[in-house]
Amino acid sequence: MPLSSPSRLPCAAALPGMARQSRLAWLFCAAAISSLPVHAAEPAAVMATYAAIGEAVFGDTAAGATALKQAVETLVTTPSPETLAAARQAWRDARVSYMQTEVFRFGNPVVDDWEGRVNSWPLDEGLIDYVAGDYAAGENDLANLNVIATPRFMLAGTEIDATAITPALISGTLHEADGIETNVASGWHAVEFLLWGQDLNGTGPGAGNRPYTDFVTGAGCTGGNCDRRAAFLQSATDLLAADMHEMAAAWAPGGAARAIVTTDPTAGLSAMLTGMGSLSYGELAGERMKLGLMLNDPEEEQDCFSDNTHNSHYFDGVGIRNVYLGRYTRPDGSVIAGPSLADLVTAADPALAATLAAELDASVAALGAIKARAEGGMAYDQMLAPGNAEGEALLTTAIAALVTQTASIQRVVTTLGLRDVSVEGSDSLDAPGAVFQ
């Protein structure tokens, strides 16, 4: 049975016009099926579902990145408020699928080695383009480079020719230049910055507000160097789309990321649980949520230029639940489903299986409450403001739900007798005092 197809019983459903004899035959058939023994899922079947979901969700992200690329091409060809709005929406749309891929990180080196090219944050945006006059460069010498306005510059004692802004310049020279992680020039957040501009509102209302005229050539250009800004945006988006298609291929049959989890199903289960636990605990609950709340710092907000953080956190939570239940709903409404980790846990410890399923639902609901409130008028960065009791309660509830489900994920590791599972931590959760040192 294909993983993309809903389960089908060998008995057709009794229709209102069915003859009495046929309805009786269907009843006998259904009774026979209900008496068949239920067999626990095998690890190999579980990993086949997991790999199929990986192939689908990375494929959907690649399709979203291609749509974003097309929207960006339209923007730079015919800049207007409408084409800028369309490009921003294409970015948001593509993020929905991408965030559901993050659970495939941490336990899979193919994904982890690639991820830094596409989702690194925070970034010193002054590396790329103009910023406000009070922008703090810190100890990063390139934080105020503004390569869009600087066709030639020195890097590690070598003059760099940046007269042509290309994907190769971005990925080979600028991204993580000088070995500094905040020199982010490629990926979702570089594109986000170029579409929205800086968010200068702190914990007040409002996202970045880059004008469409930043991409107008000629007399109408604002911000200077509009042709180079357009070239950077196009090159960064082309690079993002190529990176997404690369990873989609890595999850297709014969791909390296897929092979890591399917060749040895037991090792694959360990990778799955490493991804679930690490994203749930150290990454999402800790680095992306608790840290910003402790510091009351909107700079710790992940999608800070677009005020889209509520969506990114929510779909991270959905992605964790997807792999546990072995079920992913694609943008077109079709479903990838099959034998799941939940089935394995049910066979070993039904109570634990039900507990973790309920906890995953609770964390998605808590993240959904943040999403609903943000869409109702209180952006995520406003929730981080000192004295915002409602925002703090929303974030604290979601963080607690993620921490709770991580404990059950660790119990699953023990119950299934797995090894080589390491859940990433975070000082904000494990050693809060260290955050302020």
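Located above this text is the structure these notes cover.
Predicted model only: the values in this text are computed from it and were never measured. (Residues numbered from 1 in each chain as written. Predicted model: local features only at pLDDT ≥ 70, side-chain atom pairs only at ≥ 80, totals over all residues. Heavy atoms only, no water.)

Looking at this structure, I do not really get the overall build of the chain. What am I missing?
Each helix and strand counted, the chain has 16 helices and four strands in total. The C-alpha radius of gyration of the chain comes to 24 Å, within 12% of the 22 Å expected for a compact globule of 437 residues. Counting over 437 residues, the chain shows a buried share of 50%. Of the contacts formed within the chain by residues at least 6 apart in sequence, a portion of 71% connects residues at least 24 apart. Summed over all atoms, the accessible surface of the chain reaches about 18,300 Å², with 55% contributed by carbon and sulfur. (Helix = DSSP H or I, 4+ residues; strand = E, 2+ residues; numbered from the N terminus. Rg over C-alpha atoms; globule rule 2.2 N^0.38 Å. Buried < 20%, exposed > 50% of the residue type's maximum accessible area, 1.4 Å probe, protein only. Contact = heavy atoms within 4.5 Å. Areas by Shrake-Rupley, 256 points an atom, 1.4 Å probe, with all protein chains shown as cover.)

Help me understand the packing of aromatic side chains, please; the structure alone is not making it clear to me.
Think of a pair of aromatic rings as described by two things: how far the centres are apart, and how the planes are tilted against each other in angle. Scanning the model with the defined rule gives 11 aromatic pairs in all. Between the aromatic rings of Phe58 and Trp114, the centroid separation amounts to 6.0 Å while the plane-to-plane angle is 75°, which identifies the pairing as edge-to-face. With a gap of 56 residues between them, Phe58 in helix 2 (residues 43-77) and Trp114 in helix 4 (residues 109-115) connect regions that are remote in the sequence. Judged by relative accessible area, which is 0%, Phe58 ranks as buried. The buried category is assigned to Trp114, whose relative accessible area is 2%. Each residue in the set Tyr50, Phe58, Phe104, Trp114 and Trp251 is aromatic and connected to the rest through ring pairs, giving one cluster. It is Arg105 that lies over the ring of Phe106; its NZ or CZ is 4.3 Å from the centre. When the ring centre of Phe193 is taken as reference, the NZ or CZ atom of Arg210 above it lies at 5.2 Å. (Phe/Tyr/Trp six-rings, centres within 6.5 Å; stacked < 30°, edge-to-face > 60°. Lys NZ or Arg CZ within 6 Å of the ring centre and 35° of its normal.)

Which parts of the structure should I look at to understand helix 10 (residues 309-325)?
Every α-helix winds through 3.6 residues per turn, so residues three or four apart in the chain are directed the same way. Helix length check: helix 10, at 17 residues, gives a terminal C-alpha distance of 25 Å against a target of 24 Å (1.5 Å per residue), a fit within 8%. The buried fraction of helix 10 amounts to 15 of the 17 residues, a majority that puts the element mostly inside the structure. Residue Gly326 follows helix 10 closely and has a positive phi angle near 65°. (Expected span 1.5 Å × (residues − 1).)

Help me understand the side chain of Ser428 in this model?
Structurally, the position occupied by Ser428 is in helix 15 (residues 427-430). Residue classification places Ser428 among the buried positions, given a relative accessible area of 1%. Among the polar contacts listed, one links the side chain of Ser428 to the backbone oxygen of Gly286, at a separation of 3.3 Å. A polar atom in the side chain of Ser428 sits 2.7 Å from the side chain of Ser426. With residues up to four places along the chain from it excluded, the contact list for Ser428 reads Gly286, Glu287, Lys290, Leu291, Met294 and Val435. (Polar contact = N/O pair within 3.5 Å; in protein donor to acceptor, adjacent residues only side chain to side chain.)

Teacher, can you tell me more about the nonpolar core here?
Note that soluble globular proteins tend to have their nonpolar side chains buried in a common cluster. One finds Leu195, Phe232, Met276 and Met289 to be the most contacted residues of the largest nonpolar core, which totals 115 residues. Tallying contributions element by element places helix 2 first for this core, with 15 residues. Discounting residues that sit within four places of it in the chain, Leu195 has contacts with Leu68, Leu75, Leu84, Ala87, Arg88, Trp91, Arg210 and Leu233. (Core = buried A, V, L, I, M, F, W, Y, C linked by side-chain atoms within 4.5 Å.)

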